[in-house]
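One-letter residues, chain by chain:
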Amino acid sequence: MSHGPACPGCGKLVSFWRTQWRLGSAFACKRCGQMLEISRFKAMIMGLSMLFTFWLLRPYMGGALGQGMLIIAIFVLGAPVTYYMTRPTRVLDAGPPDPASG
């Protein structure tokens, strides 16, 4: 399933699973082979903002049912937002490791 963020090199859409799981891990674009990654930092900020939103709204949602509905609402709204806000970036090849660095 490919919808949303595109490879900065060729424009091929990135798989849904790449934008949600294994963040920070480099992967190759299926079309051009360019090494890409999704920023862990941006994803962490999005996740923390969803957690903070839950924490702020929790007192206003009475009981377990209200809090469960809040969790579902945050997930339903948060997953697409994180999907579209975290764009893949090119991984700069640093070359082979320096033998002098140990």
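Everything below is about the structure printed above this text.
Owing to the predicted nature of the structure, the values given are computational and were not obtained by experimental measurement. (Residues numbered from 1 in each chain as written. Predicted model: local features only at pLDDT ≥ 70, side-chain atom pairs only at ≥ 80, totals over all residues. Heavy atoms only, no water.)

Here we take up the overall build of the protein. A count of helical and extended segments in the protein gives three helices and five strands. Secondary structure elements of the protein, listed N to C terminal, follow the sequence β-β-α-β-β-α-α-β. Long-range contacts, defined here as pairs at least 24 residues apart, represent 47% of the contacts in the protein between residues at least 6 apart. (Helix = DSSP H or I, 4+ residues; strand = E, 2+ residues; numbered from the N terminus. Contact = heavy atoms within 4.5 Å.)

Of the two faces of strand 4 (residues 35–38), only the one carrying L36 and I38 is buried; M35 and E37 on the other face are not. Here strand 3 (residues 27–28) runs beside strand 4; their pairing, made up of two bridges, is antiparallel. When the sheet's bridge partners are listed, A28 is paired in strand 4 with M35. (Buried < 20%, exposed > 50% of the residue type's maximum accessible area, 1.4 Å probe, protein only. Pairing = 2+ DSSP bridges.)

Let us now look at helix 2 (residues 40–57). Residue pairs spaced three or four apart in an α-helix point in one direction, given the helix's 3.6 residues per turn. Between its first and last C-alpha, helix 2 extends 26 Å over 18 residues, near the 26 Å set by a 1.5 Å rise per residue. What helix 2 keeps buried is the set A43, M46 and F54. Within helix 2, the buried residues cover an arc of 80° as seen down the axis, which keeps them to one side. Residues of helix 2 that are exposed and angled more than 90 degrees away from the buried face: F41 and W55. (Expected span 1.5 Å × (residues − 1). Arc of directions from axis to C-beta.)

Attention shifts here to the sheet that holds strand 3. Strand order across the open sheet formed by three strands is 3-4-5, with antiparallel pairing between neighbours. Unpaired on one side and paired on the other, strand 3 and strand 5 (88–90) mark the two borders of the sheet.

With that out of the way, let us pick up the environment of M44. Within the secondary structure, M44 sits in helix 2. Distance from M44 to T82, taken between C-alpha atoms, is 9.6 Å for residues 38 residues apart in sequence.

A word on the layout of surface pockets. Any empty space left between the atoms is revealed when a probe the size of a water molecule rolls over them. Of the volumes computed, that of the largest pocket is approximately 210 Å³. Surrounding the largest pocket, 14 residues form its lining, Q20, M50, F75, A79 and T82 being those nearest its centre. At the level of elements, helix 1 (16–20), helix 2 and helix 3 (63–85) are the ones that each hand at least two residues to the lining of the largest pocket. In terms of residue class, the lining of the largest pocket is made up of eight nonpolar, six polar and no charged. Considering only enclosed or pocket space, the second largest pocket measures out at about 160 Å³ in volume. Around the second largest pocket, the lining comprises 12 residues; the ones closest to its centre are V14, S15, F27, A28 and K30. (1 Å grid on protein atoms, 1.4 Å probe; cavity = no way out; pocket = protein on both sides within 12 Å on 5 of 7 lines; lining within 4 Å. Points joined across faces, edges and corners; volume = space filled by probe spheres on them. Nonpolar A, V, L, I, M, F, W, Y, C, P; charged D, E, K, R; others polar.)

When two helices pack together, their arrangement is given by the angle between the helix axes and by the axis-to-axis distance. At a minimum axis distance of 10 Å, the contact between helix 2 and helix 3 shows a crossing angle of 155°. Relative to helix 3, helix 2 is oriented roughly antiparallel. Helix-helix and strand crossings are classified by hand; for helix 2 and helix 3 the assignment is right-handed. Residue-level contacts link K42, M46, M50, T53, F54 and L57 of helix 2 to Q67, L70, I71, I74, G78, V81, T82 and M85 of helix 3. (Axes fitted to C-alpha atoms, helices over the stretch in contact; angles between N-to-C directions. Parallel < 35°, antiparallel > 145°, perpendicular 65-115°, else oblique. Left-handed = near helix turned anticlockwise from the far one by under 90°.)

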